[in-house]
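Summary of the model geometry
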Amino acid sequence: NAGVTQTPKFQVLKTGQSMTLQCAQDMNHEYMSWYRQDPGMGLRLIHYSVGAGITDQGEVPNGYNVSRSTTEDFPLRLLSAAPSQTSVYFCASSYPGSTDTQYFGPGTRLTVL
Amino acid sequence: AQSVTQLDSHVSVSEGTPVLLRCNYSSSYSPSLFWYVQHPNKGLQLLLKYTSAATLVKGINGFEAEFKKSETSFHLTKPSAHMSDAAEYFCVVTLISNFGNEKLTFGTGTRLTIIP
């Protein structure tokens, strides 16, 4: 199993550009989520999904969009990048409940100029 | 309000001495609690979790944590620190989501430094 994979590993954007961060898992997990990590703030939940076709907002959803068309994939879209979105982004997955062990991807380091 | 607080942003201990990383939570029900570790430039890895079974939970690499409901605490300990323990540690608590299931809320993290 590859586990949770994220692409790209690094990305630099200009303000106003859009892009999609990719996340995929091959463990047949129903629960997937996106976090951003900023210094001194821990990980904050952006969006999450409890299964294909079902998504919900987390703590900091503004400026981000998600969809879940398959169990395996959970892409995160930045609609119009802003410098405040400079961060490290982690995708995670688990079996049905978040009380189960979360498996994290290696992260995407995003810089918005 | 439901929340999790890590009381120390940075802890330094000498190699071979005990480690104590403190975590307090606030919840209107009995949550599940976790400790995750993040080594430099790496993703997060589960150390241990409490899900309403035994209050003393043993994890990987010699770490353990005790759930104390009366003190609303879930402190992480290790009897003897090793250089490889240098990392950032996150205390995590579950909250109820809009769908009625549980979602994770992370503390702000404690950076553990080991002094040779």
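Throughout what follows, the structure given in this document is the object of discussion.

**Some words on the overall build of chain A**
A tally of helices and strands in chain A yields zero helices and 11 strands. When the helices and strands of chain A are read in sequence order from the N terminus, they spell out β-β-β-β-β-β-β-β-β-β-β. Against the globule reference of 13 Å for 113 residues, chain A gives a C-alpha radius of gyration of 13 Å, in line with a compact fold. Projected onto its principal axes, the C-alpha coordinates of chain A cover approximately 35 × 30 × 25 Å. When the 113 residues of chain A are sorted by exposure, 52% land in the buried category. Accessible area of chain A: about 4,900 Å², with a carbon and sulfur share of 51%.

**Looking at the overall build of chain B**
Each helix and strand in chain B was counted, giving zero helices and 12 strands. From first element to last, N terminus to C terminus, chain B shows the α and β order β-β-β-β-β-β-β-β-β-β-β-β. The C-alpha extent of chain B, read off along each of the three principal axes, is 45 × 30 × 20 Å. Looking at the 116 residues of chain B, the share that counts as buried comes to 44%. For chain B, restricting intrachain contacts to residue pairs at least 6 apart in sequence, the fraction spanning at least 24 positions comes to 55%. In the form shown here, chain B has an accessible surface area of approximately 5,500 Å², with 51% of it arising from carbon and sulfur atoms. Within chain B, the 8 negative side-chain charges are centred at a point lying 5 Å from the centre of the 9 positive side-chain charges.

**Details of the environment of A:His47**
Residues and elements named next belong to chain A. Among the structural elements, His47 can be located in strand E5 (residues 43-51). Here His47 falls in the buried class, since its relative accessible area comes to 6%. With 15 residues separating them along the chain, His47 and Asn62 place their C-alpha atoms 9.8 Å apart. A polar contact is formed between the side chain of His47 and the backbone oxygen of Asp56, at a distance of 3.5 Å.

Scoring rules and cut-offs
- Residues numbered from 1 in each chain as written.
- Chains lettered and ligands numbered in written order.
- Predicted model: local features only at pLDDT ≥ 70, side-chain atom pairs only at ≥ 80, totals over all residues.
- Heavy atoms only, no water.
- Helix = DSSP H or I, 4+ residues; strand = E, 2+ residues; numbered from the N terminus.
- Rg over C-alpha atoms; globule rule 2.2 N^0.38 Å.
- Buried < 20%, exposed > 50% of the residue type's maximum accessible area, 1.4 Å probe, protein only.
- Areas by Shrake-Rupley, 256 points an atom, 1.4 Å probe, with all protein chains shown as cover.
- Contact = heavy atoms within 4.5 Å.
- Lys, Arg positive; Asp, Glu negative; His and termini not counted.
- Charge placed at Lys NZ, Arg CZ, Asp CG, Glu CD.
- Polar contact = N/O pair within 3.5 Å; in protein donor to acceptor, adjacent residues only side chain to side chain.

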